[in-house]
Amino acid sequence: MPASHLVIIGNGISGITLARHVRKMDSDTRITVISGESEYFFSRTALMYVFMGHMKFEHTQPYESWFWEKNRIELKKAWVQKVEFGERTLVFDSGEKLTYDVLVIASGSKPNKFGWPGQNLEGVQGLYSRQDLDQMEKNTHQGVKRAVIVGGGLIGIEMAEMLAYKKKPVTFLVREKGFWDNVLPKEESELVGRHIREHHIDLRLETELKEILSDSGGRVRAVITSKGEEISCEFVGLTAGVSPNVDFLRNTELKVNRGVKVDAFFQTNIPDVYAIGDCAEFENPPAVDRRTIEQVWYTGRMHGETLAHNLCKKPVPYQPGVWFNSAKFLDIEYQTYGTVPPTWNDAEVKSFYWEHSSGKVCFRMLMDQAGRILGVNNFGFRLRHEFFDQAIREKWSGEKVIAKLDKANFDPEFFAPYYIEIQKAFKAQFGGNFQPAKKSFIQKLFGASV
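Residues numbered from 1 in each chain as written. Predicted model: local features only at pLDDT ≥ 70, side-chain atom pairs only at ≥ 80, totals over all residues. Heavy atoms only, no water.

A. Representation of the overall build of the protein chain. When helices and strands are counted, the protein chain shows 12 helices and 25 strands. Radius of gyration (C-alpha) of the protein chain: 24 Å, near the 22 Å computed for a compact globule of 450 residues. When contacts within the protein chain are restricted to residue pairs at least 6 apart in sequence, those whose partners lie at least 24 apart make up 61%. By element, 48% of the accessible surface of the protein chain is carried by carbon and sulfur atoms, the whole surface being about 21,100 Å². When the 58 positive and 57 negative side-chain charges of the protein chain are each reduced to one mean point, those points stand 3 Å apart. (Helix = DSSP H or I, 4+ residues; strand = E, 2+ residues; numbered from the N terminus. Rg over C-alpha atoms; globule rule 2.2 N^0.38 Å. Contact = heavy atoms within 4.5 Å. Areas by Shrake-Rupley, 256 points an atom, 1.4 Å probe, with all protein chains shown as cover. Lys, Arg positive; Asp, Glu negative; His and termini not counted. Charge placed at Lys NZ, Arg CZ, Asp CG, Glu CD.)

Take a look at the structure:
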């Protein structure tokens, strides 16, 4: 990319990764990052820990304030009102303008709202931005006898944990038959659902929000569910997913559907305009079993790295590799690798599932009919990313994966060696030419058991 002015709308993981990598490869280009949300890039997943008092907001910033000046990355705190593509100009809500040579849209996501009556009342909100966190602290500071959360995804469980930590009673409305059962298989969904209830959270399955009721002052006082029940509450969290934050780009010459439409090189329909991260929508899925919109932290980072390469060197198409995601459901860690849909055809897919007697730890591996690994879910213990990335790319047999499972164990010696029991269970179900591992001397000495 010849010396020019690169402007990036959005200072999330995608936009900042792009800025950093362009600067590594190009010392001359002027780089400006624009965000109305915060002056500095921060770790969005850490917002819950700020609310819970485990850290301060400034602790969520991965880079010191001097980093930006040293790397000559200009930061502008402003909201973009519109883009005049013909003039290559951004117009801010203040009326100020900024011109660009190359524009990258990395404007992220916004919480979904579905037109519920009362959704704009005081005390009703989503959780995505720094402003949402500030609003939540204000809305729950006092007077909240009960909170209602609507939507059973990852943001919903985070918000439930945040409120429960502060001793706020929580009712959780989930429209599906099981928690996150549009993503998780039945057994995993039930495991998480039990864990939620064990934390004294009132989980209501197959229950939707119908209406939010107001008190005389314009604040939420109750919700009405799809079953006709009225639940008194002083706070409502709307966590029914997120959607690309692209409304300010609609009704322009830019091609926008759910997100900004891009090709495999992140190019839009307008020359020198690109989109990455949560707001980008691929014309075609970037790989088999991948979606056209990727709203995951690590894919956002990959978007930024790939586009930086394409702007500075010979362009290459985005190649995401093996799917991976991780999360935490209260006290239970979750990882997934490859393809593990909520349901599958037993004539095409073999499933191996093991669950610990505690009901808080499990492992699932799906294989094709030839016995080759397709994907893995694990809950309650950690496994090594690089192990399963290699196994899935190289299409190892399920037997080979299980036989080498001790190599995937992330936890140190003092932790329970769940892989031993998993190996025994797999051999009992599918057989195999391997011997389950045995506890090490350290594990025996300290009594690590399953």
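From this point, things continue past the structure.
B. Fine view of unusual backbone geometry. Phi at Lys167 takes a positive value of approximately 65°, unusual for a residue other than glycine. Assignment of secondary structure puts Lys167 in the loop between helix H5 (154-165) and strand E11 (170-174).

C. A look at the pattern of salt bridges. Enumeration over the complete set of coordinates arrives at 28 salt bridges. Among the ionic pairs, Arg130 bridges to Asp134, the shortest N-O distance being 3.4 Å. Of the two residues, Arg130 and Asp134 are both situated in helix H4 (residues 130-139); the distance of 4 residues between them amounts to about one turn of the helix. Judged by its relative accessible area of 23%, Arg130 falls in the partly exposed class. (Salt bridge = Lys/Arg side-chain N within 4 Å of Asp/Glu carboxyl O. Buried < 20%, exposed > 50% of the residue type's maximum accessible area, 1.4 Å probe, protein only.)

D. Structural view of the environment of Arg20. Assignment of secondary structure puts Arg20 in helix H1 (residues 13-25). Sequence separation of Arg20 and Gly304 is 284 residues, and the distance between their C-alpha atoms is 9.0 Å. Those residues within four positions of Arg20 in sequence are excluded, and the remaining contacts are Tyr63, Phe67 and Ile73.

E. Local environment of the sheet that holds strand E6 (residues 97-99). The strand order E4-E5-E6 describes an open sheet built from 3 strands, whose pairing is antiparallel. At either margin of the open sheet sits one strand with a lone partner, and together these are strand E4 (80-84) and E6. The average undirected angle you get between the axes of adjacent strands in this sheet is 20°. Note: strand E5 (residues 89-92) against E6, 3 bridges, orientation antiparallel. Bridge pairing in E6 links Thr89 to Thr99. (Pairing = 2+ DSSP bridges. Axes fitted to C-alpha atoms, helices over the stretch in contact; angles between N-to-C directions.)

F. Representation of the state of the cysteines within the structure. Enumeration according to the criterion identifies 0 disulfides in this entry. With no disulfide of its own, Cys312 lies 19 Å from the sulfur of Cys279, the closest cysteine sulfur. (Disulfide = S-S within 2.5 Å.)

G. Inspection of helix H7 (residues 297-312) at higher detail. Its 16 residues give H7 an end-to-end C-alpha distance of 23 Å, which sits within 8% of 22 Å, the value for a rise of 1.5 Å per residue. Taking burial as the measure, the 16 residues of H7 include 12 buried ones, the bulk of the element. Three or more residues of H7 are buried, namely Tyr298, Thr299, Gly300, Met302, His303, Gly304, Thr306, Leu307, Ala308, Asn310, Leu311 and Cys312. On its buried face, H7 sits against strand E1 (5-9), H1, strand E7 (102-105), strand E19 (273-275), strand E20 (280-282) and strand E21 (324-329). (Expected span 1.5 Å × (residues − 1).)

H. Examining the sheet that holds E21 more closely. The antiparallel open sheet is built from 5 strands, whose spatial order is E21-E22-E25-E24-E23. The sheet terminates laterally at E21 and strand E23 (349-355), the two strands that pair on one side only. Across the sheet, the mean angle separating the axes of adjacent strands is 10° when strand polarity is ignored. Of the pairings in the sheet, the one linking strand E22 (residues 332-338) to strand E25 (residues 373-379) comprises 5 bridges and is antiparallel in character. Across the sheet, Gln335 pairs through a bridge with Asn378, a residue of E25. Along the sheet, helix H8 (residues 385-393) contacts E21, E22, strand E24 (362-368) and E25; its crossing angle with E25, the most-contacted strand, is approximately 160°.

I. Representation of the side chain of Ser243 within the structure. Topologically, Ser243 is positioned in strand E17 (residues 242-244). Reaching out from Ser243, the side chain makes a polar contact with the side chain of Asn112 at a distance of 3.0 Å. Those residues in contact with Ser243 that lie beyond four places of it in its chain are Gly108, Ser109, Lys110, Asn112 and Gln295. (Polar contact = N/O pair within 3.5 Å; in protein donor to acceptor, adjacent residues only side chain to side chain.)

J. Spotlight on the confidence of the model for the protein chain. Mean pLDDT over the protein chain: 93, with 95% of residues reaching 70 or higher. In this model residues 441-446 is a low-confidence stretch, pLDDT under 50, and it forms 9 contacts with partners more than four residues away in sequence or in other chains. (pLDDT = per-residue confidence, 0-100.)

K. Inspection of the pairing of E5 at higher detail. With burial as the criterion, each face of E5 is covered, one bearing Thr89 and Val91 and the other bearing Leu90 and Phe92. Examined bridge by bridge, E4 and E5 share 4 bridges and lie antiparallel to one another. Counted as the bridge partner of Val80 is Phe92 from E5. Counting the residues between successive antiparallel strands, the hairpin from E4 to E5 contains 4 residues, one of them, Arg88, with a positive phi of roughly 50°. Counting the residues that bridge the hairpin from E5 to E6 gives 4 residues, and of these Gly95 lies at a positive phi of roughly 95°.

L. Looking closely at helix H6 (residues 186-198). Over its 13 residues, H6 extends 18 Å from the first C-alpha to the last, a length consistent with the 18 Å expected when each residue adds 1.5 Å. Restricting attention to buried positions, one finds in H6 the residues Glu188, Ser189, Leu191, Val192, Gly193, His195 and Ile196. His200 sits one or two residues past H6 and shows a positive phi near 60°.

M. Representation of the packing of aromatic side chains within the structure. By the definition in use, this model includes 29 aromatic pairs. Ring geometry for Tyr337 versus Phe388: centroids 5.1 Å apart, planes at 20°, classification stacked. Of this pair, Tyr337 sits in strand E22 while Phe388 sits in helix H8, and the two are 51 residues apart along the sequence. The residues Tyr337 and Phe388 share a single accessibility class, namely buried. Each residue in the set Tyr298, Trp323, Phe324, Tyr337, Phe387, Phe388 and Trp396 is aromatic and connected to the rest through ring pairs, giving one cluster. The cationic tip of Arg130 hangs over the ring face of Phe57; the distance from NZ or CZ to the ring centre is 3.7 Å. (Phe/Tyr/Trp six-rings, centres within 6.5 Å; stacked < 30°, edge-to-face > 60°. Lys NZ or Arg CZ within 6 Å of the ring centre and 35° of its normal.)

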